[in-house]
Amino acid sequence: MSQPALPLESDPLSSSTTTAQSAAVYKADEIEPRWRERWEADRLYATPDDSDRPKWFSLTMYPYPSGILHIGHWYAFAVPDVFARFQRMRGYNVLFPMGFDAFGLPAENAAIRHNIHPASWTFENIDQMRGQYNQMGAMIDWSRQVITCSPEYYRWNQWIFLKMLERGLAYRKAGAVWWCPKDQTVLANEQVLDGNICERCGSEVVKRDLEQWYFRITEYVEELLQELDNLDWPERVKTMQRNWIGRSEGARLIFEVEGTDPLEVFTTRPDTVWGATFMVLAPEHPLVEKITTPDRAQAVEAYVTAARNQTEIERLSTDASKQKAGIFTGGYAINPVTDERIPIWIADYVLMGYGTGAIMAVPAHDERDFAFARTFDLPIRVVIQPDGETLDPATMTEAYSGDGRMVNSGHLDGTEVPASIPIVIDWLEETGRGKPEVNYRLRDWLVSRQRYWGTPIPVVYCDDCGMVPVPIDQLPVELPLDAEFTPTGQSPLVSHEGFLNTICPTCGKPARRETDTFDTFVDSSWYWYRYTSPHDDALPFDPAIAEMWTPVDLYCGGIEHAILHLLYARFFTKVLRDLGLVKHSEPFERLRNQGMILAEEGTKMSKSRGTQVSPDELVRQYGADSLRLHLMYLGPWDQGGPWNTRGITGMERFIRRVYGLVAETVEVDAGATADAETARKLERLTHKTVQRVTTDLLDFQFNTMVAALIEFSNGLNDLKTPELMAAPEWRDAIETLVLLMAPSTPYVAEELWEKLGQPYSVHTQNWPPYDPELARDDVVEVVIQINGKVRDRVVLPADASEESATAAARTAEKIAPALEGMQIVREIYVPGRLMNFVVKPR
RNA sequence: GCCGGGGUGGCGAAAUGGCAGACGCAUCGCACUCAAAAUGCGACGGGGCAACCCGUGGGGGUUCGAAUCCCCCUCCCGGCACCA
């Protein structure tokens, strides 16, 4: 009688084998969702304001809700998450919040293109991205979330603005500003890239005369510059800020002008004023019209118009060494030290935006003035002679800007340059010709934008009262959600009657609302304070709670914010300090920048070329833990580099090995004890690893930290025997390994901690301590060199004396014969490392 | 042009005055397997049978000893660039 074949799953033998195996096999897709739910249910990441632990505020730049997290977001956030978790285990009460920089142009563009409201588009994206952050295993307390496009948040932008208005730190001014025709808005100077390109959309921007809102950041310029010195920030970021602020010391000099007001100039080289043979004004200079003589008027006007309409290409071609363009006004000034009549020219190499918009030209000692003088055949006079050569204006081919002695300079002839500069300034001041002056490149921050999706600027315009601020108790001025988007790109606020028409708070007559909104950099200039009391409805944040959490201990983010965001944030902090809301002056004590993840071929990741890497796909395949490790392991975090997908398998293997180690360990009945030698080996390996992992994390060296973890597990595998696994020493080592992995691989560490029978949660455990004494080797391998070349090596006790080390070295197998017939000239001993015999033939 | 950062095996890298290439990837060999995957063990800068020799972008220097410090050159990346 034939029996039907049993289905596989009902075979008792085969099914039990499967169960035993599956318990020992790592399955990320089973472990990760399970713990994620548990942590969420338990509010494991809730951050209390009242704690007896010291605080640690770890901030990472919040993202723009563009729709989906890419691998760069993971790199920027998962790695700081490791550090935040590490700090939590080290005993800190860690604030590690997250929010969304939710105002901005992409939402409006999506509205126009896909007929979806910016608010819906933004909030859908936020939902999606929050889910992805959770998947990453990020330690975020979402109850503190800040979303800048919610009235709850932006009303405080308006509040801060009104306070700034009161103090004269916000003001309206007409002037030439950058306008982007594509985005239909003005831009801050900082948002215009080289070649007059819009930072956001890449189109060419133009100058327009418009009345705009500004924040008086220049009020704080000296403080913004000086306090950089005390910040623990990457040096290159500080350098970029210093360059941007552009402080230069010099003097303001007054030149009388025939027939009109005097001209003032700023110069860093007042000692060269005897060599000023002409003057140059920027084309936009207000005195151009008055100075220009009637016979020159037509030509000057033509030049000025052309200069103002210069295109990008023409601008790029104006290189300092190339021919200079300009035109003579017909007017003359008087050199204040030589009393000579000198011609006044106009040229676009003088910028209206810097100094006074006018210069004294000293062609002999300034490269640009030299080029201009040669082009227009203007006189050149040498007033500084270098040692050892004699400059002759007739034969000079370039300006001389180095040191030397003053000549042709009246009573100051012979004075040494550069010591001459303060001497000249003093004399000019005493004689009423000028005064010392410090100039900065930094301009006030243009904050108004002709866009819809941003914070409405809370002022109204009344025919009788003029510009009137909206009273604080009427905030927020809400952005109307029933806006109509048209393809013209014009802000819908301009034609929104319901928004536009209001009542003057002062006189009660009909008035018109401001339709401009704030630059989104306003939102990000103080958002971290809001995390400390995200629901406060009396002030932007509760000063007492903020005082407890801030300043931020560690700020992580991309180098692309080196100037704009970080400078504005520093400025706001000083304003908030002066408003009495915070006590400190600097918001971010330590700053660390991550590098950029490139596509595998080393170019920028691009959607159109399909070189983008999807973290979701990698999580599905390998799990978040492996991806986190892989990102840390790519190389130094601040360096970034090309992505490679293959390497992630190594991290998965590592996790699987550790998983196997723990699974095997828990199956063994405890009871045995290890022999002394093995116990010592385990102890040393454990302490060594804790030391390496701890110091690497503190130094932000995540790649070598992961290497130390891998080496630990490899070392344990090598030592592993069935007997040892039953010993308590082994168990300690395994538990330590799991604790050390907890910040890096939060999911699998939690799983293994549970398997080891330890109390939930691994993430609330203390970071394991280490003892450098116990980490130390008791025998060392000492390299023996002859004349600096490695010839042999000997194993010695770590505490071997120099005498015994030398004796051992001399008699080492390959050394003894080599020393035969040689005279030892010198012996160098580096304890525990190296012995070098310097020898010569006898 | 000026200011930073960098150049180390097939690849990512480590070592910041003392054994160059830890650790990982890829590759190759072996074991396990009917087989594959997974896993485990081993090899893995170049030359040489070997003793050894050469080797950290190139050249020079300092040092007992240099990837590491100094000088010159070169290439790559980033920032700034008529700022008076």
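Going by the structure above, here's the rest.
Described below are features of the structure shown in this document.

Cut-off values and rules
- Residues numbered from 1 in each chain as written.
- Chains lettered and ligands numbered in written order.
- Predicted model: local features only at pLDDT ≥ 70, side-chain atom pairs only at ≥ 80, totals over all residues.
- Heavy atoms only, no water.
- Helix = DSSP H or I, 4+ residues; strand = E, 2+ residues; numbered from the N terminus.
- Phe/Tyr/Trp six-rings, centres within 6.5 Å; stacked < 30°, edge-to-face > 60°.
- Buried < 20%, exposed > 50% of the residue type's maximum accessible area, 1.4 Å probe, protein only.
- Lys NZ or Arg CZ within 6 Å of the ring centre and 35° of its normal.
- 1 Å grid on protein atoms, 1.4 Å probe; cavity = no way out; pocket = protein on both sides within 12 Å on 5 of 7 lines; lining within 4 Å.
- Points joined across faces, edges and corners; volume = space filled by probe spheres on them.
- Near = heavy atom within 4 Å.
- Polar contact = N/O pair within 3.5 Å; in protein donor to acceptor, adjacent residues only side chain to side chain.
- Salt bridge = Lys/Arg side-chain N within 4 Å of Asp/Glu carboxyl O.
- Pairing = 2+ DSSP bridges.
- Axes fitted to C-alpha atoms, helices over the stretch in contact; angles between N-to-C directions.
- Contact = heavy atoms within 4.5 Å.
- Core = buried A, V, L, I, M, F, W, Y, C linked by side-chain atoms within 4.5 Å.

1. Things to note about unusual backbone geometry
Residue Pro-476 is bonded to the preceding Leu-475 through a cis peptide linkage, with omega at 0°. Counting through the fold element by element, Pro-476 comes out in the loop between β23 (466-469) and α14 (497-500). Following Tyr-760, the chain continues into Ser-761 via a peptide bond in cis, with omega recorded as 0°. Assignment of secondary structure puts Ser-761 in the loop between α25 (746-755) and α26 (772-775). Within the chain, Phe-700 stands out as a residue other than glycine whose phi angle is a positive 60°. Among the secondary structure elements, Phe-700 is positioned in the loop between α22 (676-698) and α23 (702-719).

2. Description of the packing of aromatic side chains
Scanning the model with the defined rule gives 54 aromatic pairs in all. An angle of 35° between the planes, with centres 4.1 Å apart, marks the rings of Tyr-555 and Phe-588 as tilted. With Tyr-555 in strand β27 (residues 554-558) and Phe-588 in the loop between α18 (564-578) and β28 (591-594), this residue pair connects regions lying 33 residues apart in the sequence. Each member of the pair Tyr-555 and Phe-588 is classed as buried. Grouping aromatic residues by their ring pairs yields a cluster made of Phe-161, Trp-213, Phe-215, Tyr-220, Trp-445, Phe-518, Phe-521, Tyr-568, Phe-571 and Phe-572. It is Arg-130 that lies over the ring of Trp-142; its NZ or CZ is 4.6 Å from the centre. Lying over the aromatic face of Trp-244, Arg-441 brings its terminal NZ or CZ to 4.4 Å of the ring centre.

3. A short note on the layout of surface pockets
Its boundaries defined by the atoms lining it, the second largest pocket holds a volume of some 310 Å³. Taken together, 17 residues make up the lining of the second largest pocket; nearest its centre are Glu-40, Tyr-45, Asn-134, Ile-140 and Trp-142. For the lining of the second largest pocket, the elements supplying multiple residues, two or more each, are α2 (28-42) and α5 (118-136).

4. Notes on the protein's contact with RNA strand B
Around RNA strand B sit 51 residues, and of these Tyr-354, Arg-368, Leu-634, Arg-793 and Asn-836 come closest. Each atom of RNA strand B within 4 Å of the protein belongs either to a base or to sugar and phosphate, the latter forming 62%. Within the backbone of Leu-351, a nitrogen or oxygen atom sits 2.8 Å from a base nitrogen of RNA strand B. A distance of 2.3 Å separates a phosphate oxygen of RNA strand B from a polar side-chain atom of Tyr-354. Of all the elements in the fold, those that place two or more residues in the surface near RNA strand B are α8 (235-245), β11 (260-267), α21 (648-667), α23, β31 (779-786), β32 (789-797), β33 (822-830) and β34 (834-841).

5. Side note on the pattern of salt bridges
Applying the stated criterion across every chain yields a total of 47 salt bridges. For the salt bridge of Arg-252 with Glu-264, the shortest nitrogen-to-oxygen distance reads 2.5 Å. Here Glu-264 lies in strand β11 and Arg-252 lies in strand β10 (residues 248-257), a separation of 12 residues in the sequence. The residue Glu-781 makes a salt bridge to Arg-793 at a minimum N-O spacing of 3.8 Å. Taken as a pair, Glu-781 in strand β31 and Arg-793 in strand β32 lie far apart in primary sequence, 12 residues in all.

6. Describing the sheet that holds β34
Strand order in the open sheet formed by 4 strands is β32-β31-β34-β33, with mixed pairing between adjacent strands. One side of each edge strand has no neighbouring strand; the edge strands of this open sheet are β32 and β33. Each adjacent strand pair in this sheet contributes to an overall mean axis angle of 20°, direction not counted. Of the pairings in the sheet, the one linking β31 to β32 comprises 8 bridges and is antiparallel in character. Bridge pairing links Ile-784 to Asp-792 in β32.

7. Re the sheet that holds β28
Taken in spatial order, the 4 strands make up an open sheet running β2-β1-β27-β28, and their pairing is parallel. Strands with a single pairing partner mark the edges of an open sheet, and in this sheet they are β2 (93-95) and β28. The average undirected angle you get between the axes of adjacent strands in this sheet is 20°. As paired strands, strand β1 (residues 55-60) and β2 are joined by 3 bridges and run parallel to one another. Paired with Phe-57 across the two strands is Leu-95, which belongs to β2. Each of β1, β2, β27 and β28 touches helix α3 (residues 71-89); the most contacted strand, β1, lies at about 175° to it.

8. Notes on the nonpolar core
Counting 178 residues, the largest nonpolar core has Phe-161, Phe-215, Trp-445, Trp-528 and Phe-702 as its most contacted members. In terms of residue count, α3 provides more of this core than any other element does, 11 residues in total. When near neighbours in sequence (up to four residues on either side) are disregarded, Phe-702 contacts Val-79, Val-82, Phe-83, Met-632, Trp-637 and Leu-697. Judged by nonpolar contacts, the second largest core, of 37 residues, contains Val-257, Ala-276, Ile-342 and Val-417.

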